[in-house]
Every structure is written in structure tokens, then in C-alpha cells.
Amino acid sequence: SFSSGLDLPGRFLFATLTLMTLIAILVFIEEAVYIYRKIPSSKRSIIIWINAAAPVISTTSCIGMWVPRSTMFTDFTAGIFFAIVIHKFLMMMIKECGGQKMLLRRFENGQFTISTGPCCCCCLCLPRVPITRQTLFWLKLGTFQFAVFRPVLIFLSIVLWTNGNYVLYNLSPKGPALWISCFIGALTLFALWAVAIMFRKVRILLKCKNIIPKFALYQFIVILNHLQTTIINIFATQKIIPCAPPLSSTARGSYIAQQLLIMEMFLITVISRVVYRRKYHDLEPPECAAEEPRDKKHPP
């Protein structure tokens, strides 16, 4: 295999990246134990899922680095996991507002701004949508569909790949890879759009719970895991990344993407531990703000 033929600097790099992956896993396990003990049960599983995104991507990248033939399976595993995490992040924002009923009471006469990225950031003429049970349902459906359909499409890709019909880097219109990738891309945009709409509404309310750094970490994972990997793969396919025997251009591009992801996900794991470990006070119920002025006007 390629890893057995590495020179001394290459072995040192592989060992360092593997150690970073192991440290990220240990940091996550320690954080999961803390969350399990300190966080209320209603939020516990959601926060653990979100914190697991970076260590899981780092682990799959490390396996793909050591076993190059498993790259397709490791990338698909990371993709399925992160599809679920996107839905969990939306649900976390609703939970941090006190749940769906409390969110509807807080924003009783409010409206969602749907002219936001990544789908409609340029469509400023779009009308605002009132915050109701129905609009919340559509936002949750926007992320849930991604968590359901992406695993189905990935399973279809693996079936076609085992039959020799699916070639990952063959993006010709006659092949299924282009159409499946475009469909997954459209589903991804809709899911990210739903999360962005919700975040734009609750970011001021949840500022005390550091929702902005949490959203930034989530965005970094999206950009690094999807956009960065896609750009590197395109460069490799177009031979911009030169081959280095025994590695072809595509294999070398895959190695570069995996090694970058391991380092980046390690940093995100450590930063996530700092951001999510802080103790945050629960938000006051919306009635308190309305009752306080009355108490001042009519003292006992």
C-alpha cells in the first residue's frame, strides 16, 4: 500500500495526523460525559450530536488517509452524519428558545426573513413570512428532507458503484454521478437555507447563549467539509494538482483534502469544547417582560 512506502517525513505526518484524530475523539468523549451530566435531558442528545460532527469527519478522513480504497465509503459516512447534524442544529435553536410553543409565543407577531443565503440572498423583493406552526413545520421539513434523502441517494450511489456504473470523478452528462451530485447539492442548499432563516430570527434572542460562535463553527464545518473538498477534487480532476507516483492526480487531491480536514476538524473540536461547555442561564418566559411594568405601576 502507499502508506507502507512512505519516507520518514511522510510517516511523521501520518503519525501526527493520526494522533490529532485520537486527541479529537478523546476530547469529544470527555465533552459528551460532561454534557450527559450537566445538560438537561431535553437538549442533551442534540448537543452531543452537534459536537460529534467534527470528530466523526476527522475519524473518517483519517481512515480514508490510511486505507485509500475506503475513501468513497468514509466520505459517504461523513456526509450522512453531517446531514443529520444540520437538522439537529435547527432543532437546537428551537430548543434553546424554550421549545416550539415558547418560540411561537416569543415571536407571536414576528416574521421570518426568507431573503437570506445561500438560496435567496439576492432576492430582496421576497415577502416576509409570519411565524406560525406551519412555517416552523416547513423549516423543520427543509432540514429533515436532507437527513432522509441524502442517505438514500448515497446508498443508490454505492449500489451503482459496486455495479461499475458510478464513477465519482466522471461528471459527464451521461453518467449518474453528475445528476446525483446536483440533486444532493440542491437538497443541501435548501437545508442550509432553512437553518439560515431560523438563525437570522433568533440570533439576538440567543446571543446570551453564544449562538453566533456556535453558528460560526457549524458554518466552518459546512464550508470545509463540502466546499473545500469539492474545490480540491475539481482541481485534481482538471490535473491542476499534479500526479506524484504512485499517486494519480485524483488520489493526491483526495489525500490533500483528508489531511486538511483532520487538522481543521481537530481545531474545531477543541474550540467547540470551549463554546459548548460554558454554563448558560435559561431564557426568561415571555410573560415576565410584560408583567414587570405592571408591577412597577401598581406596587402592593
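In short, a report on the structure. None of the values given here were measured: they were computed from a predicted structure.

Here the focus is unusual backbone geometry. Positive phi, normally seen in glycine, also occurs at N210, with a value near 55°. For N210, the position within the fold is in the loop between helix 6 (176-202) and helix 7 (211-237).

With that out of the way, let us pick up a nonpolar patch on the surface. Where nonpolar side chains cluster on the molecular surface, the patch consists of F137, W138, L141, F144, V148, F149 and V152 and spans about 670 Å² of accessible area. Summarising the element assignment, F137 is placed in helix 5 (residues 133-162). Given a relative accessible area of 47%, F137 falls into the partly exposed group.

Our focus in this paragraph is the packing of aromatic side chains. Summed over all chains, the structure comprises eleven aromatic pairs. On the numbers, 6.4 Å between centres and 25° between planes, the contact of F82 with Y218 is stacked. Here Y218 lies in helix 7 and F82 lies in helix 3 (residues 71-96), a separation of 136 residues in the sequence. Its relative accessible area of 5% is what places Y218 among the buried residues. Ring plane angle 70° and centroid distance 5.7 Å describe the contact between F137 and W138, whose orientation is recorded as edge-to-face. Pairwise contacts between aromatic rings join F82, F89, F199, F215 and Y218 into one cluster.

Another aspect to go through is the state of the cysteines. Where two cysteines share a covalent bond between their sulfur atoms, that bond is called a disulfide. The final tally for this structure, using the stated rule, is zero disulfides. In this structure C208 is not part of a disulfide, and its nearest cysteine sulfur, from C97, lies 9.5 Å away.

Reading the values: the criteria
- Residues numbered from 1 in each chain as written.
- Predicted model: local features only at pLDDT ≥ 70, side-chain atom pairs only at ≥ 80, totals over all residues.
- Heavy atoms only, no water.
- Helix = DSSP H or I, 4+ residues; strand = E, 2+ residues; numbered from the N terminus.
- Patch = residues over 30% accessible without salt bridge, like charges linked within 9 Å, V, L, I, M, F, W, Y side chains within 5 Å.
- Areas by Shrake-Rupley, 256 points an atom, 1.4 Å probe, with all protein chains shown as cover.
- Salt bridge = Lys/Arg side-chain N within 4 Å of Asp/Glu carboxyl O.
- Buried < 20%, exposed > 50% of the residue type's maximum accessible area, 1.4 Å probe, protein only.
- Phe/Tyr/Trp six-rings, centres within 6.5 Å; stacked < 30°, edge-to-face > 60°.
- Disulfide = S-S within 2.5 Å.

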